[in-house]
Amino acid sequence: METGTAQKMGRPYVYISRTESFSACHRLHSPYLTDEENRETYGKCNNSNGHGHNYKVEVVLRGPVDPKTGMVMNLVDLKSYINRSIMDALDHKNIDKDVPYFKSTVSTTENVAVFIWDRLSELVPHGLLYEVKIHETDKNVVYYRGDVQ
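Residues numbered from 1 in each chain as written. Predicted model: local features only at pLDDT ≥ 70, side-chain atom pairs only at ≥ 80, totals over all residues. Heavy atoms only, no water.

Novice: With reference to specific residues and values, describe the overall build of the chain.
Specialist: Across its full length, the chain holds five helices and five strands. In terms of C-alpha radius of gyration, the chain reaches 18 Å, well past the compact-globule figure of 15 Å for 149 residues. The principal-axis extent of the C-alpha atoms belonging to the chain is close to 70 × 30 × 25 Å. In the chain, which comprises 149 residues, the share counted as buried stands at 38%. When contacts within the chain are restricted to residue pairs at least 6 apart in sequence, those whose partners lie at least 24 apart make up 68%. (Helix = DSSP H or I, 4+ residues; strand = E, 2+ residues; numbered from the N terminus. Rg over C-alpha atoms; globule rule 2.2 N^0.38 Å. Buried < 20%, exposed > 50% of the residue type's maximum accessible area, 1.4 Å probe, protein only. Contact = heavy atoms within 4.5 Å.)

Have a look at this one:
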């Protein structure tokens, strides 16, 4: 059996991802701004009745390939983690009213990405979660890799 270059040098690190879609509505409105400032900042996204999106979220893991299983993680497990931390929490929900995290946090896609990261971090084995990417629309995409300042 021949060994590849990556295996000769150590365990290869591979990126794997799973993509899911969810539908949710929200209203961009900050409790730290006046009503006028909210209208100026968020425009039509500050509509008092909210608006909806069909979000596409991609979860990317990065880790060593297990020599016994040949996997970074079993994708069946990743699917389960995504269902528990994303789909159950956000799909067909009013983000501002149904998700306690957003009672005091503006439901921008940036903050939704942080919320998803934090939820997934509780389930995915330490060090494997690499990136959460959310397509709010075909043109608006947010990436989060757990960075904090």
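The structure having been displayed, the exposition proceeds.
Novice: Which residues make up the side chain of N46, and what values do they have?
Specialist: Among the structural elements, N46 can be located in the loop between α2 (35-42) and β2 (51-64). Once residues within four sequence positions are removed from consideration, N46 is found in contact with R27, L28, H29, N38 and R39.

Novice: Hey, could you go over the nonpolar core for me, with residue numbers and the actual values?
Specialist: If you look at the biggest cluster of nonpolar residues, it comprises 33 residues, and the most contacted ones within it are F22, I86, L90, I116 and L120. Listing elements by their share of this core, those giving two or more residues are β1 (13-26), β2, α3 (75-90), α5 (109-121), β4 (129-135) and β5 (141-144). Those residues in contact with I86 that lie beyond four places of it in its chain are F22, V57, V59, Y81, D91, I116 and L120. (Core = buried A, V, L, I, M, F, W, Y, C linked by side-chain atoms within 4.5 Å.)

Novice: How would you sum up the environment of T69? Please name residues and give values.
Specialist: In this fold, T69 is placed in the loop between β2 and α3. Within the structure, T69 has its side chain in polar contact with the backbone nitrogen of M71 (distance 3.2 Å). (Polar contact = N/O pair within 3.5 Å; in protein donor to acceptor, adjacent residues only side chain to side chain.)

Novice: Tell me about the sheet that holds β4, and name the residues and values.
Specialist: Sheets are built from strands that pair by backbone hydrogen bonding, the pairs being arranged parallel or antiparallel. One open sheet holds the five strands; their spatial order is β3-β1-β2-β4-β5, and the pairing between them is mixed. Bordering the open sheet on either side are β3 (93-94) and β5, each of which pairs with just one other strand. Where β1 meets β3, two bridges bridge the pair, whose relative direction is parallel. By the bridge assignment for β3, C25 is matched with N94. Packed on one face of the sheet, α3 meets β1, β2 and β3 and runs near 20° to β1. (Pairing = 2+ DSSP bridges. Axes fitted to C-alpha atoms, helices over the stretch in contact; angles between N-to-C directions.)

Novice: How would you summarise the pairing of β2 if you had to cite specific residues and measurements?
Specialist: Note: β1 against β2, 14 bridges, orientation antiparallel. Counted as the bridge partner of Y15 is R62 from β2. Here six bridges tie β2 to β4, and the two strands are oriented antiparallel to one another. Across the sheet, K56 pairs through a bridge with H135, a residue of β4.

Novice: Which residues make up the packing of aromatic side chains, and what values do they have?
Specialist: One pass over the structure, following the stated rule, counts six aromatic pairs. Ring centres of F22 and Y55 lie 4.8 Å apart, and the angle between their planes is 15°; on these two criteria the pair is classed as stacked. Residue F22 is located in strand β1, and its partner Y55 is located in strand β2; the two are separated by 33 residues in the primary sequence. Overall, the relative accessible area of 1% leaves F22 in the buried class. Here Y55 falls in the buried class, since its relative accessible area comes to 1%. Relative to F115, the ring of F102 has its centre 5.5 Å away and its plane inclined at 55°; by these criteria the two rings are tilted. With F102 in the loop between α4 (95-98) and α5 and F115 in helix α5, this residue pair connects regions lying 13 residues apart in the sequence. The pair formed by F102 and F115 is uniform in burial state, with each residue classed as buried. (Phe/Tyr/Trp six-rings, centres within 6.5 Å; stacked < 30°, edge-to-face > 60°.)

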